[in-house]
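Notes for the structure review
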Amino acid sequence: INDFTDDELKAFFGSGGQLGTSKARKRLQSKIDNAALSASFAKLNLAKDASKEDVKKAYKHLSLKYHPDKNPGANSSAVFQELSAAKETVTKYLDLLE
């Protein structure tokens, strides 16, 4: 997400994930296809062709495993936050593909 300009982020997240023009959609989609997206898929143990249902199942499984209340460790909170961010990134990407 750090690769995006403020205007692109506002256009994407501020409009509920709906981009106004196909040109903006293509530009943002091409920027999403980067190492951050790959890392998000990897954190959730998902293949690039995963569905929204796959994302939901993977996140549920991993979030239960790493939830700070269930796994009181020094970095469990950080891991849980990374999983949440990865889920959001992958879900927004899949929404773009629809």
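As shown above, the structure is provided for reference.
For every chain, the first residue of the written sequence is number 1, and numbering continues from 1 onward in sequence order. Per-residue local features are limited, in this predicted model, to residues with pLDDT of at least 70; the limit for side-chain atom pairs, both in listing and counting, is 80 or more; totals at the level of whole chains, interfaces and linings are taken over all residues. Note that the side-chain values use all heavy atoms of the structure and ignore hydrogens as well as water.

So, on to helix α3 (residues 35–43). Only protein chains enter the area calculation, which uses a 1.4 Å probe; residues under 20% of their type maximum are buried, those over 50% are exposed, and those in between are partly exposed. Helical segments are the DSSP runs of H or I of at least four residues, strand segments are the runs of E of at least two, and each set is numbered from the N terminus. Residues of α3 that are buried include every one of L37, S40 and F41, and no others. Burial along α3 is one-sided: seen end-on, the buried residues are contained in an arc of 100°. Immediately downstream of α3, the backbone of N45 shows phi near 55°, a positive value. By definition, the arc is the one covered by directions from the helix axis to the C-beta atoms.

Secondary-structure assignment places S63 in helix α4 (residues 52–66). On the basis of relative accessible area, S63 is assigned to the buried category, the value being 11%.

Axes, fitted as lines to C-alpha atoms, cover a helix only where it is in contact. Angles between the N-to-C directions of the axes lie from 0 to 180 degrees. Direction vectors running N to C along α4 and helix α5 (residues 76–97) enclose 175°, while the axes themselves pass 10 Å from each other. With respect to their mutual orientation, α4 and α5 come out roughly antiparallel. In this structure, α4 uses K52, V55, Y59, L62, S63 and Y66 to contact α5, whose residues at the interface are S76, V79, F80, L83, S84, K87, V90, T91, L94 and D95. Looking at the contact of α4 with α5 residue by residue, the class counts come to nine nonpolar, four polar and three charged. For classification, angles of less than 35 degrees are called roughly parallel, those exceeding 145 degrees roughly antiparallel, those between 65 and 115 degrees roughly perpendicular, and all remaining angles oblique. The contact criterion used throughout is that any non-hydrogen atoms of two residues lie within 4.5 Å. Gly is put with the polar residues, along with every residue not named as nonpolar or charged; the nonpolar set is Ala, Val, Leu, Ile, Met, Phe, Trp, Tyr, Cys and Pro, and the charged set is Asp, Glu, Lys and Arg.

Interaxial distance between α3 and α5 falls to 9 Å at its minimum, and their mutual angle equals 120°. The handedness of the crossing between α3 and α5 comes out as left-handed. For the pair α3 and α5, the contacting residues are L37, S40, F41 and K43 in the first and E82, L83, A86, T89, V90 and Y93 in the second. Residues of the contact of α3 with α5, tallied by class, amount to six nonpolar, two polar and two charged. Crossing handedness follows the turn of the near helix against the far one: under a right angle anticlockwise gives a left-handed crossing, and clockwise gives a right-handed one.

For Phe, Tyr and Trp, where Trp contributes only its six-membered ring, two rings pair if their centres lie within 6.5 Å, and the inter-plane angle classes them as stacked under 30 degrees, edge-to-face over 60, or tilted in between. For the structure shown, the criterion picks out one aromatic pair. Look at F41 and Y93: their rings are 6.4 Å apart centre to centre, the planes differ by 85°, and that puts the pair in the edge-to-face class. Separated by 52 residues along the polypeptide, F41 in helix α3 and Y93 in helix α5 bring together distant segments of the chain. The residues F41 and Y93 share a single accessibility class, namely buried.

To continue, consider the nonpolar core. Counting 15 residues, the largest nonpolar core has F41, L44, L46, V55 and V90 as its most contacted members. Going through the elements one at a time, α3, α4 and α5 are the ones with two or more residues in this core. Broken down by element, this core gets its largest block of residues, six residues, from α5. If we skip the residues at most four places from it in the chain, V55 touches L44, L46, K87, V90, T91 and L94. Here, nonpolar core refers to any group of buried Ala, Val, Leu, Ile, Met, Phe, Trp, Tyr and Cys residues whose side-chain atoms link them within 4.5 Å.

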